[in-house]
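# Notes for the structure review
Below are the chains, spelled out letter by letter.
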Amino acid sequence: MIILKSDNFILREWALDDVHYVVKNANNINVWNNLTEGFPQPYTEQASIDYINSQNGKPKPHEFAIVVDNNAVGGVSVFPRDNIYHITAEIGYWLGEAYWGKGIMTEAVKLISEYMFRDFDIIKIFAGVFDYNTPSMRVLEKAGFVKEAILTKGAIKNNKISDLHYYSLFKP
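Because the structure is a prediction, the values reported are computed rather than measured. (Residues numbered from 1 in each chain as written. Predicted model: local features only at pLDDT ≥ 70, side-chain atom pairs only at ≥ 80, totals over all residues. Heavy atoms only, no water.)

On to the sheet that holds strand S4 (residues 71-80), then. Taken together, eight strands build an open sheet; the order of strands is S1-S2-S3-S4-S5-S6-S8-S7 and the sheet is mixed. Edge positions in the open sheet fall to strand S1 (3-5) and strand S7 (146-157), since each of these has one partner strand only. Here the strands of the sheet are splayed against their neighbours by 25° on average, with no regard to which way each runs. Bridge count for S4 against strand S5 (residues 88-95) is seven bridges, and the pairing is antiparallel. Across the sheet, residue glycine 74 finds its bridge partner in S5, namely leucine 95. (Pairing = 2+ DSSP bridges. Helix = DSSP H or I, 4+ residues; strand = E, 2+ residues; numbered from the N terminus. Axes fitted to C-alpha atoms, helices over the stretch in contact; angles between N-to-C directions.)

This is the structure we're talking about:
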């Protein structure tokens, strides 16, 4: 099992023991409002089980639970692209609202980015952020990402069209 350690949390592979904590932290409209439509709302126990089971057996993980005091309180994932984009990957993350503003996500983004650059043939990690999600923009900036572009009217969430701020981090 791959474990990435910080002083305040660990990143580790998902386990079925995480189901209760995932539902507790993910089933929150304030969390969901900042994520893609692939993240279910409401976030049910079955959704959690299905997601965790989908992670089993992957040779090298790039989707991790954020674990504080033995409780899975969020997730961070890097999705390698394919075809002509195979040297890039997209990062996504979420964190239970009770853990916002504590620096956890910035450190988690740093840890998984270092891991991806070290263990995978990736030279660029990128993220798209809704224009109203300034806390996520700050997370990326503090983790060393730079804003490359603003995709005007690039996304829709809750039937509202938003600009999408595009951030990137390049392999050192």
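The next subject is the packing of helix H1 (residues 19-26) against helix H3 (residues 45-55). Contact pair H1 / H3: the axes reach a minimum separation of 9 Å and the direction vectors enclose 120°. Between H1 and H3, the angle is such that the two are oblique. Between H1 and H3 lies a crossing whose hand is right-handed. Where H1 abuts H3, its residues Val19, Val22 and Val23 lie against Glu45, Ser48, Ile49 and Ile52. For the contact of H1 with H3, the class distribution of residues is five nonpolar, one polar and one charged. (Parallel < 35°, antiparallel > 145°, perpendicular 65-115°, else oblique. Left-handed = near helix turned anticlockwise from the far one by under 90°. Contact = heavy atoms within 4.5 Å. Nonpolar A, V, L, I, M, F, W, Y, C, P; charged D, E, K, R; others polar.)

All right, on to the packing of helix H4 (residues 104-119) against helix H5 (residues 134-142) then. Taken N-terminus to C-terminus, the directions of H4 and H5 make an angle of 45°; their axes are 8 Å apart at the nearest point. Comparing the axis directions of H4 and H5 gives the class oblique. Crossing of H4 against H5: the hand is right-handed. Contacts from Met105, Thr106, Val109 and Lys110 in H4 reach Val139, Leu140 and Lys142 in H5. Across the contact of H4 with H5, the residue classes break down as four nonpolar, one polar and two charged.

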